[in-house]
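Observations on chain architecture
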Amino acid sequence: MQAFEYAHPRSMTEALPLLGSRWGETEILAGGTDLLSLMKNYVVTPKRVVNIKGLRELRGIRGTPEGIYIGALVTLEELRTSQPMHEYPALAQAAAGVTSPQIRNMGTVGGDLCQRPRCWYFRSGFGLLARDESGRSLVPQGENRYHAILGNDGPAYFVNPSSLAPALIALGAKARLDGQNGERYVALAEFFVIPKSDAERENVLQPNEILTHVIIPEGAWELSSATYEVRQKEALDWPLATAAVALKMQAGKVASARIVLGHVAPIPWPAPEAEKSLAGQPINEATAARAGEAAVQGAKPLSGNRYKVQLARVAVKRALLAAARPRSIGAKGGV
Amino acid sequence: MADYRWPEAGKRSLIGKRISRLDGPVKSSGRVKYTYDVDRPNMLYGKMVLSPYAQATIKSIDTTAAEKMPGVKAVQVMREPGTEILWAGQEVVAVAAETEEQARDAARRVVVNYEKLPHLVRDVEPAKAGDRAKPAAEQTEGDPDKAFQEAEVTVEGQYGCSVITHCCLEAHGQATEWEGDNLTVWASTQNVSGIGGEFATGLKIPAGNVRTLTPVMGGGFGSKFGADTWGVACAQLAKKAGRPVKMMLERDHELMVAGARPSIHAKVRVGAQKDGTITAWSSESWGTGGMGTGGSPRLPYVFRIPNQRKRHTAVLTNIGPVRAWRAPNHPQLCLITMAALEDLAAKLGIDPVEMFLKNIGMTGELSKVYAAELQKAAELIEWQKKWHPRGDKAPGVIKRGLGISLHTWGGGGHPSNCACAIHPDGSVEVSLGSQDLGTGTRTVIAIIAAETLGLPLEAVKVNIGDSHYPQSGGSGGSTTVGGVSASTRRATTNALNELLAKMAPSLGVENDQLEAVGGRIQVKGNPSKGMSWKQACAKLGTTPINATGQTSITTPTGPSARDLISSGVGGVQMAEVAVDIETGVVKLEKLVAVQDCGLIIDLKTAESQVYGGCIMGVCYALYEEKIMDEQTGRCLNPDMEFYKLAGIADIGELVVHMMTGPGYDERGVIGLGEPPVISSGALTPDKVLAALEKGGAA
Ligand SMILES: Cc1cc2nc3c(=O)[nH]c(=O)nc-3n(C[C@H](O)[C@H](O)[C@H](O)COP(=O)(O)OP(=O)(O)OC[C@H]3O[C@@H](n4cnc5c(N)ncnc54)[C@H](O)[C@@H]3O)c2cc1C
């Protein structure tokens, strides 16, 4: 790991000026479960690391009239176990899907949303867009079994790694981003972007901003929500495809639906066609399967990941069926 | 005189009992130090510069910038310019610095220029491998053409498994320290008595100058027999710096270069009569073992089908060096054979247990053992109740299927020497230049010594893991337990006989009328006539007894072999597997392992070996693959994230049954490290098929 300057601010006012104005100069350190391996592998080589764990205002889950504020430093374990989160099964289930207690106890909400892609070309030093010396992406003709099947027109082929993001987007959450010029709020649905160059990042965060909170809007607790993850293993592993759904039900019929796929595209992937297919329908095997079908209509599998289309289809179907079941029955991947 | 032969069943006080491993507490509490934990005064850390290319020639190496980096104390070029690189991750330069981080940073400043050459890293079909395809001579037995013509039923299929790695918990590596021309190596090795010579050759010093220490080690599985290039480089760095150096492989390097198991793929045809009698086998196989051709795989496995035709082609690739992997070649051959035979049973519409039993004669000498084990395994997995023809008719998306597999292994003991000292204060030491890879070797040695001397386990001090102790073989091929059991039994018996000879006159009897039982030396049949062990030893005055024992060099084989040790075991495993037919996610629900290994010294550690083998088998059957990228020539998953291993939740229920008692015990001690891993990996792939077929794949 390249030597770096380490900053441990105690407040936001202390922290913000420590951040750089260009990507790569400074990195924010939360739980460190991702940043440390990135640094050890020289994938990122910051000159300064700003540890935000001393920022108390970023802790805790709090109810307000506008909704639930989840601090960026809330751990995945807190998310999985805290009482208020039981109202949002999609989110608690997504947190539970990270089956390593160590990672759940260290990893934070902010870190989960901002973690970098797991694309093995990126992690081996070929850059975010995984290009060889000639600038050609290594992914389409390479080992792409875990890469994107949607939103993969290039130049990015990685999948967004966050399991929380699809659930939060389905619940209509937004992010609060704080910079030296004050704060701004961005719907999580607009937070993630597909980078066009290696110099860009995977979200709209500026290098001198901190994601401080995620806000689930008031009323979202009324939604029937669920996350379904297809995982090859039960022990710590990455999902192959996931779906988070949040349904507004009226008299047994879908009044409105949000369906977001995870781990299938460079950003959490909304499925408006699938949502539309459910309008006014009850949730049953047939309607859920039809929605799953609609969700993958635009899929363009790469040479080695056609199987993920089927998995995404099934994830949507099973998430819908789980959401429609009475609460407390969890949805979980595996057999 | 005490007899060498193992005591009869009724007369064993420790042998065959369930005894917890002696080093369990110090290992689980972290008190014992692995090579990884070695911390010598003033020690430096070594890191290596690795080739990013799979095949290349080194043009030039410039270490000036690295030498100037903070903390750097020595730089050692491991491969000179002009030499060829044969895999990505091959070591080029080693650097020693005050901290690991400094060493890592400095290694990145070494400038190496390469001329890239074409590579191949995938085990493609021979037709696509060009001149890297190296066909072996065709082998035939009987008259395969005629047999296939006459076969009433034939079945064809393609089966295979990928290149996988060893994934030892403790990475490869060592710490080295010089004192003048004498070198001490703390090595994570399977070969305490053997690697000193390799260090000596590499360093051009007399072999006697090297001392190897491995008090405990974190697994090797066949990948840790040599001094390795990094071992020699580590010692060279230590010499240059004049300080101890520790150089352990990083996990990524470990997965890239520290051992791979060859892949194999095969197109198989099997012929049979309608009644299930197997008559013919043909296979066209290929696979990669890196840049080596290996031999022809011995297909079919276990079943000696009378008419056979086999063609094999080795595909030479730049995947890294192949190393022996627990039961070398057996798991791959087992998988292919069992999968093909189960497909045959399915086509014949016969219960595979029935078909296996019908053909059990083809397994040769072990056929009775297999038949008994098949019966036991079937009972434990409730085969009769659960088995159904292919295609699970049960409703829902989870379909289940059963699988069955047979395996064999030699496991004869290796040459081993043991020294036993009985001290006048009554304490006992047994010393062997052996090693405990985590299998329980230390415990087994203590059990045998204590049993022989009629002492409690705690009374024996076991000295292993030091090359200054009497030479004992490397721990590979399940040879250790046989080797150390025989040498320990002989050394301790010899020592005891010396003691008895000294005591006999004072008790007024002949030596052969004395025995050591329950902490006493006493007259056989007259226990009151005797003395405590301590009293007896006190009579030695100031001269301890020092006796030695050796393993006999030839190991008798076969079920009828009778000696302290023999070789040749059979095992049967059966599994119940569930598959989600909408997602293809497979889960092992239950695995039954029935195994024989002759006389069992410690039932608990023996069972642990089988559990461990099964877990390793489940890992490679369901998850493991060393994923190579043809474009870059690199391994893409040299980490524990995408190099997938099962966690506890993925393993399912394991049931282990050891075959013991009459018919097994008389054969003496036989190794157990390899056998249990062979079948487990064969159990899943076709089980999935079994569950999927007609079950309504989505
Ligand atoms: C084997 C393995 C399996 C995993 N499986 C899953 C999985 O299935 N699903 C899943 O979602 N995750 C999974 N994870 C990832 C894990 O959840 C993340 O590593 C963790 O959530 C990151 O949180 P952290 O606080 O440790 O982040 P850090 O490592 O501290 O930071 C991660 C990144 O986010 C940035 N960052 C952190 N906090 C902020 C902030 N408040 N504002 C701006 N930028 C910030 C950092 O600069 C860094 O770039 C897995 C990890 C491993 C190792």
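Structural notes, computed from the coordinates. Just so you know, these numbers come straight off a predicted model, no measurement behind them.

What follows is about the overall build of chain B. A count of helices and strands for chain B gives 18 helices and 29 strands. Computed over C-alpha atoms, the radius of gyration of chain B comes to 28 Å, within 12% of the 26 Å expected from 2.2 N^0.38 for 698 residues, which places it in the range of a compact globule. The principal-axis extent of the C-alpha atoms belonging to chain B is close to 80 × 70 × 45 Å. The buried share of chain B, reckoned over its 698 residues, is 60%. Across chain B, the fraction of contacts at a sequence separation of at least 24, relative to all contacts at a separation of at least 6, is 80%. For chain B, the centre of its 73 positive side-chain charges and the centre of its 76 negative side-chain charges are spaced 2 Å apart.

Next up on the list: the overall build of chain A. Within chain A one finds 12 helices and 12 strands. Relative to the 2.2 N^0.38 estimate, which gives 20 Å for 335 residues, the radius of gyration of chain A is 19 Å and therefore close to what a compact globule would have. Across its three principal axes, chain A shows a C-alpha extent of roughly 55 × 50 × 35 Å. Here chain A holds 335 residues, and the buried ones make up 59% of them. A separation of at least 24 residues holds for 65% of the contacts in chain A among residues at least 6 apart in sequence.

Before going further, it helps to examine the pairing of strand β14 (residues 245-248) of chain B. Residue and element names in this part refer to chain B. Side-chain alternation along β14 places V245 and M247 on one buried face and K246 and M248 on a second face that is also buried. When strand β1 (residues 44-50) meets β14, the two strands line up parallel, connected through 2 bridges. Considered in β14, the bridge of L44 is made with V245.

Once that is clear, we can look at the packing of helix α12 (residues 441-453) of chain B against helix α13 (residues 480-507) of chain B. Residues and elements named next belong to chain B. Close contact between α12 and α13 brings their axes to 9 Å; oriented N to C, the two are set at 30 degrees. Here α13 runs roughly parallel to α12, going by the angle between their axes. Here α12 runs over α13; the crossing is right-handed. Between α12 and α13, the residues in contact are T441, V444, I445, I448, A449, T452 and L453 and T480, V481, V484, S485, T488, R489, T492, T493 and L496, respectively. Classifying every residue of the contact of α12 with α13 gives 8 nonpolar, 7 polar and 1 charged.

This part covers the nonpolar core. Formed by 91 residues in total, the largest nonpolar core has its most connected members in B:L406 and B:M574. Looking at which element gives the most residues to this core, the answer is helix α8 (residues 330-348) of chain B, with 11 residues. Judged by nonpolar contacts, the second largest core, of 63 residues, contains A:V49, A:L278, A:A299 and A:V316.

Near the ligand there are 35 residues, and of these A:I28, A:T33, A:T108, A:D112 and A:S163 occur at the shortest range. With respect to the ligand, the chains having nearby residues are chains A and B. Interatomic distance of 2.8 Å between a backbone N/O atom of A:A30 and an oxygen atom of the ligand. Between A:L211 and the ligand, the recorded distance is 2.9 Å, taken from a backbone N or O atom to a nitrogen atom.

Each partner contributes to the interface: chain B provides 34 residues, whereas chain A provides 33 residues. The junction of chain B with chain A conceals about 3,000 Å² of combined surface from both sides, 51% of it contributed by carbon and sulfur atoms. At the surface where chain B touches chain A, the tally comes to 8 salt bridges. Between A:K317 and B:E582 there is a salt bridge, with its nearest N and O atoms 2.4 Å apart. At the junction of chain B and chain A, the tally comes to 20 residue pairs in polar contact (both at pLDDT 80 or more). Taken together, the elements giving at least two residues each to the side of chain B that touches chain A come down to α3 (100-107), β27 (569-580) and α16 (648-651) of chain B. A class-by-class count of the residues in the side of chain B that touches chain A yields 15 nonpolar, 5 polar and 14 charged.

What follows covers the sheet that holds strand β3 (residues 72-77) of chain B. Residues and elements named next belong to chain B. Across the sheet, which stays open at both edges, the 7 strands sit in the order β3-β5-β1-β14-β11-β12-β13 with mixed pairing between neighbours. Lying at the two open borders of the sheet, with one neighbouring strand each, are β3 and β13 (210-213). Between one strand and the next, the sheet's axes are offset by a mean angle of 25 degrees, whatever the strand orientation. Seen against the sheet, α3 touches β1, β3 and β5 (91-97) and runs at an angle of roughly 25 degrees to β1. The strands touched by helix α6 (residues 228-241) are β1, β3, β5, β11 (173-179), β12 (182-187) and β14; relative to β11, the strand with the most contacts, the crossing angle is about 35 degrees.

Residue and element names in this part refer to chain B. Inspection of the secondary structure puts E84 in strand β4 (residues 84-85). Separated by 564 residues in sequence, E84 and I648 have C-alpha atoms that sit 42 Å apart. Discounting residues that sit within four places of it in the chain, E84 has contacts with Q55, A56, T57, R79, Q90 and L117. Separated by 2.8 Å, the side chains of E84 and Q55 make a polar contact.

Procedures and definitions
Residues numbered from 1 in each chain as written. Chains lettered and ligands numbered in written order. Predicted model: local features only at pLDDT ≥ 70, side-chain atom pairs only at ≥ 80, totals over all residues. Heavy atoms only, no water. Helix = DSSP H or I, 4+ residues; strand = E, 2+ residues; numbered from the N terminus. Rg over C-alpha atoms; globule rule 2.2 N^0.38 Å. Buried < 20%, exposed > 50% of the residue type's maximum accessible area, 1.4 Å probe, protein only. Contact = heavy atoms within 4.5 Å. Lys, Arg positive; Asp, Glu negative; His and termini not counted. Charge placed at Lys NZ, Arg CZ, Asp CG, Glu CD. Pairing = 2+ DSSP bridges. Axes fitted to C-alpha atoms, helices over the stretch in contact; angles between N-to-C directions. Parallel < 35°, antiparallel > 145°, perpendicular 65-115°, else oblique. Left-handed = near helix turned anticlockwise from the far one by under 90°. Nonpolar A, V, L, I, M, F, W, Y, C, P; charged D, E, K, R; others polar. Core = buried A, V, L, I, M, F, W, Y, C linked by side-chain atoms within 4.5 Å. Near = heavy atom within 4 Å. Polar contact = N/O pair within 3.5 Å; in protein donor to acceptor, adjacent residues only side chain to side chain. Buried area = accessible area lost by both parts, 1.4 Å probe. Salt bridge = Lys/Arg side-chain N within 4 Å of Asp/Glu carboxyl O.

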